Structure formats: C-alpha cells, structure tokens
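Chain by chain, the residues:
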Amino acid sequence: MVQILLKISIMRTTIHNIVFTSLLILGIAFVFPVWGFAVDEPSEAEIYLLELFNNARNDPAEVARSMGMDVDQLIAENPDFEKIAAGELTPLVFEDRLQHTARLHTLDMINNSFYSSDSLDGRTCEERIIDSGYLPSITGESLGLVAFFNYINPVDAAYLMFEQILRNELTASGDTGFHVLNPDIREVGICQRSCVYNIDETACNAYMATCDFATEDLSLIARDSLVWLINQARRDPLGMALILGLDTEDILENFPEMNEILVNGLPPLIRNDALGASASGHVRDMLENSYYSRDSLDGRTVESRAADAGYLMPVHGELLGSLASGASLAPILGAMRIFESRFKAELDPAGDSDWLILNPQVREVGVGYEVVALTSEENETAYYYLMVCDFGEGSADDSPAIVVLVYEDQNDNGRYDLCEGRPGIPIIISREDGEEVINGCTDSTGGYIVHVPPGVYRIDVSGESRGPIEVNLEDVNKLLWLEY
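Being a predicted model, the structure only gives us computed values, none of them experimental.

Participant: Would you mind going over helix α14 (residues 331-346) with me for this structure?
Facilitator: Helical geometry: 3.6 residues make up each α-helical turn, so side chains three or four residues apart lie on a common side. With 16 residues, α14 extends 23 Å between its outermost C-alpha atoms, agreeing within 8% with the 22 Å of an ideal straight helix rising 1.5 Å per residue. Tucked inside the fold, the buried residues of α14 contact α8 (218-235), α9 (237-243), β9 (315-325), β10 (364-375) and β11 (381-392).

Structural data, given as structure tokens:
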C-alpha cells in the first residue's frame, strides 16, 4: 500500500571533471553539477560503459596499460593513482535518480545546443543531483562526445567515450580529481544519446553522454528523516505514542489541557535553512568542544545562534538528543532511537521536557545531526550520535506550502516509518488553467516541499493510481497535508 502525504523540502550542495572524445573527436570541458520523469532502463551502450568503468576500478593499472599509458609515469605525476591501484574499489551500480539527472542533462545539452556540466540556468551537477532527491556526500560528472561522418554503433561509441574519460581522469593536471576511480564513489547514472552536433558551423552526427557519479550521505538522510518523524508525531500524536508502547489513556489523563492537540494533531513543520544552519553549527560546536548543553560555551542561546544564522522570527526552543553505543549503528537507526526517547520524554508527566514537537506555535524546524566514533585510551571505540532540533515560529506572510511524503507502508501500520520513503518519485504541480509550475521529485526520504502563490492547483504524483488531486490554496499561510 502506498501512502502519499502532501508536504516538503529542498536542498542543495560538488566536484569537477572534464571529458574529451574523438574520432572527429571533440573534447569539451565542464564543471558539475531535476525534475522528474520515468527513468528508462539502461541501454546496451550504457550498460557496457558501466562495465568498462568497473573493469577500470577492478584493475586500474592494467586498464591504463591496455590504453597505451605508462603506469610508472602516471604514478610519478599523480601519487594518488598508486594508492588507488593498490586498493580494492567497490563496483559502481546504477542508481535511478542519477540515471534521471544524467538523462535530463544529456537531453538538455542536445535540445539547447551546449556542452557543459553547468546547465544554462546556472545549476551545477551537484545541484541537479540534489534536486532529484539524492543527498550526496560527494558528486562528480564526466561528459563524452563522439562526432562522426561514417556510422559508429552506440557500443563502439561508448568504448571511445570511456577511453577519453579515463585518459583525461588519469592525465588531468589535478584540478578535476577522480570520478571513475574515486574510492568514495558508489553509484552512477549514465545516459548516452545520438544527436546532430555542430562543429565549426558544420552539422555532423554524434553521440553525447553524461555520467553522474555520487555517493549518498547517510547522515543527511537520517537528518531529513528526523523531520518526517517529527511531522508524523504532530499529525497523529496518540498514534505515534501507541507505536512507541505508551498508554494513550494515561497521556490524555495526564495532559488534559493538551487533549485537543493530542487527539486532532497539528500541521507539519517546514524545514528552514537558517534554523538548520543554527542546529548543525551547535552540533559541531558541542562535538568539537566536548560539552552537551543548550547554551554554547561562549554564552550564546538558541535564540542568538538562530539570529546569527539569519533567522529573524521568534524561536520557541531547542531539542537536544544523544545516543552512545559500543556498536556502530546505521545513522538512520541512531536518529530513530533518539527521536523515540525525546518524544517519550515530552509525554512524560514526571519529566521536565518542554513541549516542542507538539508546540502549536511552531511552524518551522531546523535539524542538525552527526555521528562520530570516539576511541578511548584502552583503544576501545564507542559511537556517539548527536541531534539538535531548533524550532521557530515562521513568518506571518509565508506563501502557502505543499508538502508531499510518498512512502511504501511495508508493515501496514498506516504511517511513515524510517526507510519506507520512496525517493525520486516525480511530482507535477499545475495551475487551474493547466500551466505547469512545478516539476520535481521526492527527496531521499520520500518527501518534497514547495511554496506556491495562493491559487487552485492540480497535484499529480507519478504512479498513484487515483490520479491527480485538485486543491484550493487561496488562503495565504495555508499548509497542505493530504493523504490518499
């Protein structure tokens, strides 16, 4: 059963590369860096290109020799190559969102007659990848272009592109870095298409390819998941309490003044970048200076930190949470355990926790979350998970917000749980007259958020059998949360 909740978020975040290709072979430089449509199955040429990349990762020195390159010279010019060649690189795998960004960038270059990793709208490779709902810890992009007068089949063109991409990567002056041979890269999206390309005002046939490389940052996914857990708790406080093993009748009896909120719930919170910067900065400061407190060592409070980060609206408090473990836990599991402990504390009548998750005055939130490994003098390692959530009131003149959460309810409990989100799901939002105003994808947690001017909108979530929803957002400040 697929649940779709209308609510959201945006984000941003790089690496460089250059690629040449020739036969009439063209080489053009680029930098790096969308929106959603169905992802095509990889073509034979794209699959072959991935195989070539993985062959190079399996034995970089041998592949370099097969291309006629002097390995000793490569090592002398780039000491990192010796380390990479001596190690074991994990094979790359296709990833749907990266396939999506690679496909759209290739088509964008073909349709608009340019060849660069920067889009004409100024977005970089990294920004396009983030816009697809992928939260990277590292990104990179390689482009390939093979022009020809006599026909070349797509697979042969793929090999030519591979050689030029890898040769450029191994002989670059050092300002582009490794992509194919980057040990930190885990996933890739590849799109190769045929086209007509102009060389010195002469049109010729060509193949063009975009290869988007990335690895997803699990801590960022865990951070974003915390926002959705908070919103699930606000949507149905008693339902969340029941899942966590709490007695809902006792909660209602212990908090009679909060019964309306506990029974009817609250609107979801919108993530705010300034509050996020404030929260993340406080996490880093506590880890770097070994303390745990809402007040910084320099005396700053959550209000002053938020103001320093550019948040000028009232701040209603800060929620701290931590977890220590002798075993390494997945960041998302650590986040879930911290959330559970803080929500339980908020509903504990004997506790002294402020009501922040269920504060009706709060409209925005920023989350900071980090995982660190600490080694004792006895050489024992412990893992420390630290969370900070800063809650703000938000602006009184904010435009309406549409929030979408798409997830697969794998345990049939009727709500979103961690790891159930469906990233990269296309979302199209149109005006009443049919004009398309938003064409986006859910993020790494299955969520998406966008502010829109007041009006009537049609919301179409790809793959939802019930079809589009039409909603009236004429009221300023309205926040839409729909489930179907």
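Participant: How should I be thinking about the side chain of Ser219 in this particular structure?
Facilitator: Position of Ser219 relative to the elements: it lies in helix α8. Residue class for Ser219 comes out buried when judged on its relative accessible area of 19%.

Participant: Looking at this structure, I do not really get the packing of helix α1 (residues 44-58) against helix α7 (residues 154-171). What am I missing?
Facilitator: Axes are the key here: two packed helices are described by the angle between their axes and the distance separating the axes. Relative to each other, α1 and α7 sit at 35°, their axes nearing to 9 Å. Taken as a pair, α1 and α7 cross one another with a handedness that is right-handed. Residues Glu44, Ala45, Tyr48, Leu49, Leu52, Phe53 and Ala56 of α1 touch α7, and the partners they reach there are Pro154, Val155, Ala158, Tyr159, Phe162, Ile165 and Leu166. Residue classes in the contact of α1 with α7 are distributed as 13 nonpolar, no polar and 1 charged.

Participant: It is not clear to me how the pairing of β9 should be interpreted in this structure. Could you clarify?
Facilitator: Along any regular strand, the residues point their side chains to alternate faces of the sheet. For β9, a buried count of 8 out of 11 residues is recorded, marking the element as mostly surrounded by other parts of the structure. Direction of pairing for β9 relative to β11: antiparallel, over a ladder of 10 bridges. Pairing of Leu323 across the sheet is with Tyr385, part of β11.

Participant: Honestly, the sheet that holds strand β17 (residues 469-473) in this entry has me stumped. Any pointers?
Facilitator: Sheet strands pair by backbone hydrogen bonding; their relative direction is either parallel or antiparallel. Pairing is antiparallel across the open sheet formed by 4 strands, whose spatial order is β14-β13-β16-β17. If you trace the sheet from one side to the other, it starts and ends with β14 (436-441) and β17, each paired once. On average, adjacent strands in this sheet sit at an angle of 20° to one another, irrespective of strand direction. Note that strand β13 (residues 426-431) and strand β16 (residues 455-461) share 5 bridges and pair antiparallel. Within β16, the position partnered with Ser430 by the bridge is Arg458.

Participant: When you look at the environment of Pro314 in this model, what are you seeing that I'm missing?
Facilitator: When you line up the elements, Pro314 lands in the loop between α13 (302-308) and β9. Pro314 sits in the partly exposed class, given a relative accessible area of 39%. Sequence separation of Pro314 and Glu303 is 11 residues, and the distance between their C-alpha atoms is 7.9 Å. Ignoring any residue separated from it by four or fewer positions in sequence, one finds Pro314 in contact with Gly392 and Glu393.

Participant: What's the story with the packing of aromatic side chains in this structure? I'm lost.
Facilitator: Here the distance between the centres and the angle between the planes together describe a pair of aromatic rings. Taken as a whole, this structure holds 7 aromatic pairs when the rule is applied. The interplanar angle of 45° and the centroid separation of 6.1 Å between the aromatic rings of Tyr159 and Phe162 together place this pair among those described as tilted. Residue Tyr159 and its partner Phe162 are located together in helix α7, separated by 3 residues, close to a single helical turn. Exposure remark for Phe162: the relative accessible area of 2% places this residue in the buried category. Among the aromatic residues, ring-to-ring pairing joins Phe53, Tyr159, Phe162 and Phe213 into one connected group.

Participant: Quick question: what am I supposed to make of the side chain of Ser117 here?
Facilitator: Locating Ser117 in the fold gives a position in the loop between α5 (96-112) and α6 (125-131). The exposure class assigned to Ser117 is buried, which follows from its relative accessible area of 0%. Polar side-chain contacts of Ser117 include one of 2.5 Å to the side chain of Glu141.

Participant: Would you mind showing me how to read the sheet that holds β11 here?
Facilitator: What the 4 strands build is an open sheet, ordered β8-β10-β11-β9; its pairing is mixed. The sheet is open, and its two edges are formed by β8 (270-271) and β9, each paired on a single side. Of the strands in this sheet, β9, β10 and β11 touch α14, which is tilted by about 125° from β9.

Participant: Looking at this structure, I do not really get the state of the cysteines. What am I missing?
Facilitator: Working definition: the covalent bond between the sulfur atoms of two cysteines is a disulfide. On inspection of all chains with the given rule, the structure shows 0 disulfides. Not engaged in a disulfide, the cysteine Cys191 finds its nearest cysteine sulfur in Cys211; these two sulfurs lie 9.4 Å apart. For Cys191, a relative accessible area of 2% gives the class buried.

Participant: Explanation requested: the pattern of salt bridges in the structure shown.
Facilitator: Pairs can form between side chains of opposite charge once their charged atoms are near each other. The final tally for this structure, using the stated rule, is 13 salt bridges. Between Arg223 and Asp224 there is a salt bridge, with the nearest N and O atoms lying 3.1 Å from each other. Accessibility assignment for this pair places Arg223 and Asp224 in one class, buried. One salt bridge in this structure joins Asp308 and Arg300, with 2.9 Å as the shortest N-O distance. When salt bridges with common partners are traced through the structure, they connect Glu95, Arg97 and Glu216 into a single cluster.

Participant: Looking at this model, I keep getting lost on the confidence of the model for the protein. Mind explaining?
Facilitator: Overall, the prediction assigns the protein a mean pLDDT of 82, with 86% of residues at 70 or greater. This stretch, residues 1-38, has a pLDDT under 50; its non-local contacts, to residues over four places away or in other chains, come to 202 contacts.

Rules used throughout
- Residues numbered from 1 in each chain as written.
- Predicted model: local features only at pLDDT ≥ 70, side-chain atom pairs only at ≥ 80, totals over all residues.
- Heavy atoms only, no water.
- Helix = DSSP H or I, 4+ residues; strand = E, 2+ residues; numbered from the N terminus.
- Expected span 1.5 Å × (residues − 1).
- Contact = heavy atoms within 4.5 Å.
- Buried < 20%, exposed > 50% of the residue type's maximum accessible area, 1.4 Å probe, protein only.
- Axes fitted to C-alpha atoms, helices over the stretch in contact; angles between N-to-C directions.
- Left-handed = near helix turned anticlockwise from the far one by under 90°.
- Nonpolar A, V, L, I, M, F, W, Y, C, P; charged D, E, K, R; others polar.
- Pairing = 2+ DSSP bridges.
- Phe/Tyr/Trp six-rings, centres within 6.5 Å; stacked < 30°, edge-to-face > 60°.
- Polar contact = N/O pair within 3.5 Å; in protein donor to acceptor, adjacent residues only side chain to side chain.
- Disulfide = S-S within 2.5 Å.
- Salt bridge = Lys/Arg side-chain N within 4 Å of Asp/Glu carboxyl O.
- pLDDT = per-residue confidence, 0-100.

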